[in-house]
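Single-letter residue listing:
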Amino acid sequence: MQRRNKDLTKQIDYGILLPVFLLSIVGMLSLYVALDKDAGMKNIISQMAQQGLWYIIGGVLIFVIMQFSPRAIWKLTPYGYILGLGVMTALLFYYDANLATRTGSKNWFRVGSLTFQPAELMKIAYILILSYIVTGHNLKTKIRTLKTDGMLILKLIIATIPVAILLKLQNDFGTMLVFVAILGGIFIMSGISWKIIIPVAVTFGILGAGILYLVTTDAGRELLYNVGFKSYQFARIDSWIDPFHDATGNSYQQAQALKAIGSGGIGGKGFNVSDVYVPVRESDMIFSVIAENFGFIGSTFVILLYFILIYRMIRVCFDTNNEFFSYIATGVIMMILFHVFENIGANIGLLPLTGIPLPFISQGGSSLMSNMIGVGLVMLMRYQYQPEEIDLTNMKRSK
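Residues numbered from 1 in each chain as written. Predicted model: local features only at pLDDT ≥ 70, side-chain atom pairs only at ≥ 80, totals over all residues. Heavy atoms only, no water.

With an unreviewed UniProt entry as reference, the protein chain is termed Cell division protein FtsW, source organism Vagococcus fluvialis bH819. Per its UniProt entry, the protein chain bears the Subcellular location (unreviewed entry) comment "Membrane". (UniProt positions renumbered as here; feature names shortened; annotations may be inferred.)

Shown next, in the form of structure tokens:
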């Protein structure tokens, strides 16, 4: 860690901290409403205290991460990636059986009353290793050609394959989409030729259209069944296409969320007023609580906070001159942006439900820690800013 003689408060980016703080306040208020309607007073106190503790731990993590030097983060990155893969592998044998039965995914450890989702912290390890790979490749490549770009793509794929396999074995398709978004953002920002990017984008577009066709036709669904898709995944697709086709069965959650959001109107019903029950509204469906209590105005305010947060993170990228951390910031931005887009999109019926939490607001420690660590890494760029690059030949800084 570095010692600094400057006025440290001037190096803290309050433009990032303020939106995170306000989103955390919204999270606590929304969680209280959700728990007040669905749990007893004893559970409310316990779960609110637990979530408050996660926010405190997250804030401490931000401060601790800001003390590390870029060089230290660089050195720790490969070990963090290997450790993350090891923990995710252990999850295949020691997952929470009760949650696996309920959700269909083997992605949670349980220690007493606490649960932990390794994939959330693996997102950070994945962002770091991709940034490590791209930075190392670019610093060693003096002339960019289609061949060198192809080698970089191969390295990124090799780093992604173990994660994809583990997520497939855990049956966690929703989380895999987050990793794809992270990969896509760093891939585009890595300097790879547009002669490669455009065909890849077109290919993904065609694949997306093909998958949409498969999930909406009987013959396509039969094919997807044969390659491992599950009934609950198709049920989510059906609920997305027509949320009210089975409003008392498979699409109950989606239909209730739309009712709650619609009933909030422009200004909402007021704090802690909830007439529509929405399953899992303390987590995946918490945006429905915000919309019902605070209406269109409150919902827009929350979305605006996310835009400010993303904007400030982008500004940090432009204000610093460290390639490694620019890619890290890109990965963190894509992670948060995808979570926001998918969660709110699923709540309002724009996208299928995938179990993606709303950053800094949804209940849960694993996701919150992942987001807080990401914020800490971005703030580190400003806090430890020096206009220097990492020299891979001797691991020293050179101007």
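1. Overview of the overall build of the protein chain
Across its full length, the protein chain carries 14 helices and 4 strands. The C-alpha radius of gyration computed for the protein chain amounts to 22 Å, which stays within 12% of the reference 21 Å derived for 399 residues, consistent with globular compactness. Here the C-alpha coordinates of the protein chain stretch approximately 65 × 55 × 40 Å along the principal axes. For the protein chain, with 399 residues in total, the buried portion stands at 49%. Across the protein chain, every contact between residues at least 6 apart in sequence was considered, and the portion connecting residues at least 24 apart equals 71%. Total accessible area on the protein chain is roughly 19,200 Å²; 68% of this is exposed by carbon and sulfur atoms. In the protein chain, 31 side chains carry a positive charge and 23 a negative one; their mean positions are 12 Å apart. (Helix = DSSP H or I, 4+ residues; strand = E, 2+ residues; numbered from the N terminus. Rg over C-alpha atoms; globule rule 2.2 N^0.38 Å. Buried < 20%, exposed > 50% of the residue type's maximum accessible area, 1.4 Å probe, protein only. Contact = heavy atoms within 4.5 Å. Areas by Shrake-Rupley, 256 points an atom, 1.4 Å probe, with all protein chains shown as cover. Lys, Arg positive; Asp, Glu negative; His and termini not counted. Charge placed at Lys NZ, Arg CZ, Asp CG, Glu CD.)

2. Considering the layout of surface pockets
Each pocket or cavity is described by its volume, and for the second largest pocket that value is around 580 Å³. In terms of lining residues, the second largest pocket is bounded by 21 residues, among which Gly80, Leu121, Ile124, Leu128 and Ile373 are the most central. Every element with two or more residues in the lining of the second largest pocket is listed here: helix H2 (41-66), helix H3 (70-94), helix H5 (118-140) and helix H14 (365-383). Of the residues forming the lining of the second largest pocket, the biggest block, 8 residues, is contributed by H3. Per-class residue counts for the lining of the second largest pocket are 18 nonpolar, 3 polar and no charged. (1 Å grid on protein atoms, 1.4 Å probe; cavity = no way out; pocket = protein on both sides within 12 Å on 5 of 7 lines; lining within 4 Å. Points joined across faces, edges and corners; volume = space filled by probe spheres on them. Nonpolar A, V, L, I, M, F, W, Y, C, P; charged D, E, K, R; others polar.)

3. Topic: unusual backbone geometry
Notably, valine 280 is not glycine yet its phi reads approximately 55°, a positive angle. Among the structural elements, valine 280 can be located in the loop between helix H11 (252-263) and helix H12 (286-319). When its relative accessible area of 36% is taken as the criterion, valine 280 is described as partly exposed. A positive phi is found at phenylalanine 360, a non-glycine position, where the angle reads about 70°.

4. So, the environment of aspartate 38
Structurally, aspartate 38 is set in helix H1 (residues 14-38). For the pair aspartate 38 and leucine 368, spaced 330 residues apart in sequence, the C-alpha to C-alpha distance is 22 Å.

5. Structural notes on the nonpolar core
Ranked by size, the top nonpolar core spans 81 residues in total, and within it Met313, Ile336, Phe360 and Ile361 carry the most contacts. Filtering out sequence-adjacent residues up to four positions away, phenylalanine 360 remains in contact with Val20, Leu23, Ser24, Gly27, Tyr55, Tyr306, Leu309, Ile336, Leu368, Asn371, Met372 and Val375. Judged by nonpolar contacts, the second largest core, of 7 residues, contains Ala260, Val276, Val278 and Leu353. (Core = buried A, V, L, I, M, F, W, Y, C linked by side-chain atoms within 4.5 Å.)

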